[in-house]
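So you can see what is in the structure, the chains are spelled out below.
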Amino acid sequence: MRREFLLLGILAIALIAFPAFAGPYALSVATLILYFAYTGQAWNVMMGFAGQLSLGHSLYVGVAAYVAGGLFYHLGLGPWAGLWLAVLACVAFGLLIGFLAFRFGISGVYFALLTIAFAEFTRIGFDHLDWTGGPGGMFLKVAQRDTWDLLNFRGPPLMYYYAILFLAAAALALCAWLLKSKAGYYWQAIRENEEAAQALGINTFRWKMLAVALSAAMTAVSGVFFAFYYNNLFPEQIFNISRSIEIILGPIIGGIGTLFGPILGAAVLTLLSDGLTDGLAALGWEIPGIKQVFYGVVLLAVVIFLPNGIWPFISKKLKL
Amino acid sequence: MSLLVVQNIGKSFRGLKAVSDASFEIPEGAINALIGPNGAGKTTIFNVIAGVFSPDAGKISFQGKEIQGLRPDQICAAGIGRTFQIVKPFAGLSVLDNVMVGGFLRERTAAGSREVARTILKKLDLHGKANLPASSLTLPDRKRLEVARALATRPRLLLLDEVMAGLRPTECDLMIEVFRGLARSEGLTILLIEHVMRAVMALAQHVGVLHHGVVIARGTPAEIVRNPAVLECYLGEETEI
């Protein structure tokens, strides 16, 4: 346990100091890793802790991005106000999906299908919504690169790096605390055996709803970050199922239900896949879709050789 | 006063009557047993009491309040703990964590729940295995874990569904001692379903016999083993106890 804190401290210092040594490209890759570490952590609350498989988390990223982005674009409403509305909208979506599923006993694969269906419906809805530009997309004014406008969350890449670093750290702390509290125990009990959990006095409906709401709220924050970092939003991209898959690959490869799995998985996947594309590009090979093939191969390898993910394997080796 | 009153309970599954018109009472602090051949409806009665099924007919009151039709978690919160005949451990969690899940029903903090869990594990002689994953336990230990988890919710009434099955006589005796101790020291009321007559004879003050969903006999263990109807349908003519 002591060693765990020591390693965590070293990692924190390294990440805080990282921009001082990194070029713009390395900084953008690090931002991407932390982004996936954060969203992976958010997804992990639902699947890793409470055992509810969502394959439609792009729904929450997209809805939050469009709510906060749209309010900023049309009304000049800053992201700090938009964030709350985005979180509210996503929690509402999450609770609606959760209610439909848990109230009527839909679980497992069928629950996962329901989450995909909602993401797809919403994508189609936004394709026909003129207020957000429809399929043509919505473009936020590109950020001034030289000033830190914290109030409007506009600034240089460095600002986004620290913002997502803070989010990832906060999510880790929140999840660590949750796992050690009543909620963590109850969620894991539901994940392991719902009938036994209920027999021990757990209102499984309510606790599953809470997991979905929290996961949706956390993912919503990443959606707002996404909107203000990338500045352009297309329904076809942001709600795409491949986005949902990207979110869940990190925790699956790193270790579902663990605290450090999502972080490790995000780092491994992003570094390796970007390294692979860059390496091939340096050799003069541009292979479209190579990233997806690569994801598939890594996923297969992990499922076959480390079915619990990389983190449980490493933590055992390090005796943490 | 009776802690649990079951009145004219009936439950059918697609026309098949699993339990019909069953009535019994359990006085506060008593240890009673429900016996009967396989398929007699014992587990169905348990599941109706525990809220897994709501009864088609009849009333169940616990501490003077009607509880039929409540959800399992509400029944548990009201003070009825239960174990499962087919054990359902939280396999991925440690033995201690399994019991802590139950402890959280009456304790807000993890520290409080952990303390409750440790005390109970000690009582059931499982504390040496507290940090092992539940999936690594043997069947007798899993049975004990079921009991420990249910006890952690601090029930007034404990429903035990064949917790002695598969236990060796010495292990069975340990369990018997635990339940006697709990009944004596904490006034815990127990209703057990059991095939192991050794345990029934040792523990129960009162026995009900169920056959084809109907209560066909009731009385003290000594009376039951001499009851011709019971001998015919369940214990068998030549049973030696």
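Above this text you will find the structure in question.
Residues numbered from 1 in each chain as written. Chains lettered and ligands numbered in written order. Predicted model: local features only at pLDDT ≥ 70, side-chain atom pairs only at ≥ 80, totals over all residues.

## Side note on unusual backbone geometry
For step 1, the next point in the chain: In this model, Asn231 of chain A sits at a positive phi of 70°, which is unusual for a non-glycine residue.
For step 2, the next point in the chain: Mapped onto the elements, Asn231 of chain A comes out in the loop between helix H9 (204–230) and strand S2 (232–233).
For step 3, the next point in the chain: Since 15 C-beta atoms lie within 10 Å of it, Asn231 of chain A is described here as partly exposed.
For step 4, the next point in the chain: Of note, the phi angle at Asp21 of chain B is positive, near 55°, even though the residue is not glycine.
For step 5, the next point in the chain: When you line up the elements, Asp21 of chain B lands in strand S2 (residues 16–27).
For step 6, the next point in the chain: By C-beta crowding, Asp21 of chain B is classed as partly exposed, having 14 other C-beta atoms within 10 Å. (Helix = DSSP H or I, 4+ residues; strand = E, 2+ residues; numbered from the N terminus. Buried ≥ 20, exposed ≤ 12 C-beta atoms within 10 Å, placed from the backbone.)

## A closer look at the pairing of strand S8 (residues 189–193) of chain B
A regular strand places its side chains so that they alternate between the two faces of the sheet.
Residue and element names in this part refer to chain B.
For step 1, the next point in the chain: In terms of residue burial, S8 counts as a mostly covered element, since five of its five residues are buried.
For step 2, the next point in the chain: On S8, burial covers both faces: Thr189, Leu191 and Ile193 on one face and Ile190 and Leu192 on the other are all buried.
For step 3, the next point in the chain: In this structure, strand S3 (residues 31–35) lies alongside S8, joined through four bridges in parallel fashion. Across the sheet, the residue bridging to Asn32 is Leu191, located in S8.
For step 4, the next point in the chain: Where strand S7 (residues 157–161) and S8 come together, five bridges link them in parallel fashion. Each bridged residue has a counterpart across the sheet, and for Leu159 the counterpart in S8 is Leu191.
For step 5, the next point in the chain: Remark: the S7/helix H6 (residues 169–186)/S8 crossover connection has right-handed handedness. (Pairing = 2+ DSSP bridges. Right-handed = clockwise from strand over helix to strand, strands pointing away.)

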